[in-house]
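Observations on the three-dimensional arrangement
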Amino acid sequence: MKIIDLRSDTITLPTEDMRRAMYEAEVGDDVYKEDPTVNLLEELAARMLEKEAALFTASGTMSNLIAILTYTRHGNEIIMGSEAHMLWAEVGSASALGGVVMRTVPNEQDGRLDLGMVEQAIRPENIHFPRTTLLCLENTHNRCGGTVLTPEYTSAIAELAHQHGLRVHLDGARIFNAAVALDVPVSELVAPADSVCFSLSKGLSAPVGSLLCGTQEFVAKARKWRKMLGGGMRQVGIIAAAGIIALQKMVARLAEDHATARHLAYGLANIPGITVHPDRVQTNIVMFEPPITIPTPEFIQRSNARGVRSGSPGGRRVRAVTHRMVTKADIDEALNRIEFLVREIESEAH
Ligand SMILES: *Cc1c(COP(=O)(O)O)cnc(C)c1O
């Protein structure tokens, strides 16, 4: 039985081109900035995002933490959405290692934050208050189901933050999915943010890595924080080589993942008992709910036993993520298996 793995786009394996580039990569000691392949990747990322500079890091989690360490001091407050990946899935690093308070504003269903609520969350000067120094945005928004923030919205909220003296960091782990979905240059989406990070290791299929981009001054400071965290790697061009291929060859094809995600969502909508909103699917993430007679963890486990893997962000929801390693035919097969499972569940309930 073929396993159809929809747990995450992080499971994508490196392509043959990547393997070859890794084998052939010219390398040096990156802590001395002497790895030509890393330097090339950082220059390429900065150019594509139209930021002054970029820093190659081990992961998105490391990039986000470095951004916080670079912009804030212990005791500062930072604002983010109530569904932010930085809040839910980064082990509390902002507080544990950054020493900052995470102040949340409720995310709307589509991943946005209400401007009025953000403004209210920004602390005025008062001897009792921590200082608010950073606003964190997320595009695409993971827990909101891969929803995109438009350039117009991003500009408006960044302008508000800047008016109050805050910096803006954009967690753009899947920013290229957003750019492809909106059909706008990625540079336009990230222009309002002071810094942005994105993942090479998700839909772009590279084995490892993230880039943190911003001004020369920001990246110079970030580089030092990366060293402190143990992220100063040596001949890391071996890995960066795959990242170059990811940026050069894997961006445009993300549209295919968005098409398979829509196909999955509309197929699920045809299965009685499943709750799903196909019109809310904007990129490669599909959220749905199993029949009410079965707890979500049990549904996921039984689906897994039938070779369809998925995950849950908690509550009733199941999360399915499409990527390069699942085809439209795989989705058809997954839909068949899920339909069969749902029928079985409903017959047990009677
Ligand atoms: C995956 C993800 C990250 C973290 O990336 P890792 O490389 O897994 O550490 C950060 N933010 C968002 C929105 C993500 O989806």
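Below, the structure is looked at part by part. Within each chain, residues carry numbers counting from 1 in the order of the written sequence. Per-residue local features of the predicted model are confined to residues with pLDDT of at least 70, and side-chain atom pairs are confined, for both listing and counting, to 80 or more; whole-chain, interface and lining totals are unaffected and use all residues. Calculated side-chain values reflect all of the structure's heavy atoms, with hydrogen atoms and water omitted.

Next up on the list: the side chain of T12. Along the polypeptide, T12 turns up in the loop between β1 (4-5) and α1 (16-24). For T12, the side chain forms a polar contact with the main-chain oxygen of D9, separated by 2.8 Å. A polar contact of 3.0 Å, which involves the side chain of T12, links it to the backbone oxygen of K202. In this analysis, two residues are considered to be in contact whenever any of their non-hydrogen atoms come within 4.5 Å of each other. Those residues in contact with T12 that sit more than four places away from it in its chain are S201, K202, S205, H323, R324 and M325. For helices the rule is a DSSP run of H or I covering at least 4 residues; for strands it is a run of E covering at least 2, with both sets numbered from the N terminus onward. By the criterion applied in these results, polar contacts are pairs of N or O atoms within 3.5 Å in which, for protein atoms, one can donate a hydrogen and the other can accept it, and in which residues neighboring in sequence qualify only through two side-chain atoms.

Note on definitions: angles span 0 to 180 degrees between N-to-C directions of axes, and those axes are lines fitted to C-alpha atoms, for helices only across the stretch in contact. For the pair helix α2 (residues 36-49) and helix α11 (residues 237-249), the least separation of the axes is 8 Å and the interaxial angle reads 30°. On the basis of the axis angle, α2 is roughly parallel to α11. You can see that α2 and α11 cross each other, and the crossing is left-handed. Together, T37, V38, L40, L41, L44, A45 and M48 of α2 and G237, A240, A241, G243, I244, L247 and Q248 of α11 make up the contact between the two elements. For the contact of α2 with α11, a count of residues per class yields 10 nonpolar, 4 polar and no charged. An angle counts as roughly parallel when it lies under 35 degrees, as roughly antiparallel when it exceeds 145, as roughly perpendicular when it falls between 65 and 115, and as oblique in every other case. What makes a crossing left-handed is the near helix being turned counterclockwise from the far one by less than a right angle; a clockwise turn instead makes it right-handed. Residues are grouped as follows: Ala, Val, Leu, Ile, Met, Phe, Trp, Tyr, Cys and Pro are nonpolar; Asp, Glu, Lys and Arg are charged; all remaining types, including Gly, are polar.

As summarised here, the arrangement of the 7 strands in space is β2-β8-β7-β6-β5-β3-β4, forming an open sheet in which the pairing is mixed. Two strands close off the open sheet at either side, each with one partner strand: β2 (53-57) and β4 (101-105). If you compare each strand with its neighbour and ignore which way they point, the axes differ by 20° on average. Contacts from helix α3 (residues 60-71) reach β2, β3 (77-81), β5 (132-138), β6 (167-171), β7 (195-199) and β8 (210-214), with the element oriented near 25° to β8. In the packing of helix α10 (residues 216-228) onto the sheet, the strands contacted are β2, β7 and β8, and the crossing angle to β2 comes to about 20°. Here, a strand pair is defined by DSSP locating no fewer than two bridges between the strands.

This part is about helix α7 (residues 151-163). The periodicity of an α-helix, 3.6 residues per turn, causes residues three or four positions apart to be oriented the same way. With 13 residues, α7 should reach 18 Å at 1.5 Å per residue; the first-to-last C-alpha distance of 18 Å fits that figure. For α7, the elements touching its buried residues are α6 (115-121), β5, β6, α8 (175-182) and α9 (186-190). Note on α7: the residue one or two positions beyond its end, G165, has a positive phi of about 80°. Helix span is expected to be 1.5 Å times the residue number reduced by one.

As a further point, take the packing of aromatic side chains. A pair of aromatic rings is counted whenever rings of Phe, Tyr or Trp (Trp by its six-membered ring) have centres within 6.5 Å, and the orientation is called stacked for planes under 30 degrees apart, edge-to-face for over 60 and tilted otherwise. Scanning all chains against the criterion turns up 3 aromatic pairs. When the ring of Y71 is compared with that of F218, the centres are 4.8 Å apart and the planes differ by 25°; the resulting orientation is stacked. Residue Y71 is found in helix α3, and its partner F218 is found in helix α10; the two are separated by 147 residues along the sequence. A residue is classified by how much of its surface remains accessible, and F218, at 5% relative accessible area, is buried. A ring pair is formed by F288 and F299, whose centres lie 6.1 Å apart and whose planes are at 85°; its orientation type is edge-to-face. Note that F288 is positioned in strand β10 (residues 285-289) and F299 in helix α13 (residues 296-305), a separation of 11 residues in sequence. Only protein chains enter the accessibility calculation, which uses a 1.4 Å probe; a residue whose area is less than 20% of its type maximum is buried, one above 50% is exposed, and one in between is partly exposed.

A few words now on the packing of α13 against helix α14 (residues 328-349). It is the contact of α13 with α14, at a shortest axis distance of 10 Å, that shows an interaxial angle of 130°. Relative to α14, the element α13 is oriented oblique. Handedness of the crossing formed by α13 with α14: right-handed. Residues F299, R302 and S303 of α13 touch α14, and the partners they reach there are I338, L341, V342, E344, I345 and E348. Class assignment for the residues of the contact of α13 with α14 results in 5 nonpolar, 1 polar and 3 charged.

The subject of this paragraph is the sheet that holds strand β9 (residues 275-276). Across the sheet, 4 strands lie side by side as β9-β10-β13-β12; this open sheet has antiparallel pairing. Two strands close off the open sheet at either side, each with one partner strand: β9 and β12 (311-314). Its contacts with the sheet put helix α12 (residues 254-269) on β9, β10 and β13 (317-321), and the angle it makes with β10 is roughly 15°. In this fold α13 packs onto β10, β12 and β13, with an angle of close to 35° to the strand it touches most, β13.

Attention shifts here to the environment of I245. Checked against the element boundaries, I245 lands in helix α11. The class for I245 is buried, based on a relative accessible area of 11%. Between the C-alpha atoms of I245 and F198, which are 47 residues apart in sequence, the distance is 15 Å. Contact partners of I245, with chain neighbours within four places excluded, come to T15, D17, M18, A21 and M250.

Quick look at the nonpolar core now. Here, nonpolar core refers to any group of buried Ala, Val, Leu, Ile, Met, Phe, Trp, Tyr and Cys residues whose side-chain atoms link them within 4.5 Å. L135, F176, F198, L200, L211 and L247 are the most contacted members of the largest nonpolar core, which has 56 residues in total. Per-element accounting of this core gives the leading share, 7 residues, to α11. Residues within four places of F198 in sequence aside, it is in contact with A45, L49, G172, A173, I175, F176, S210, L211, C213 and L247.

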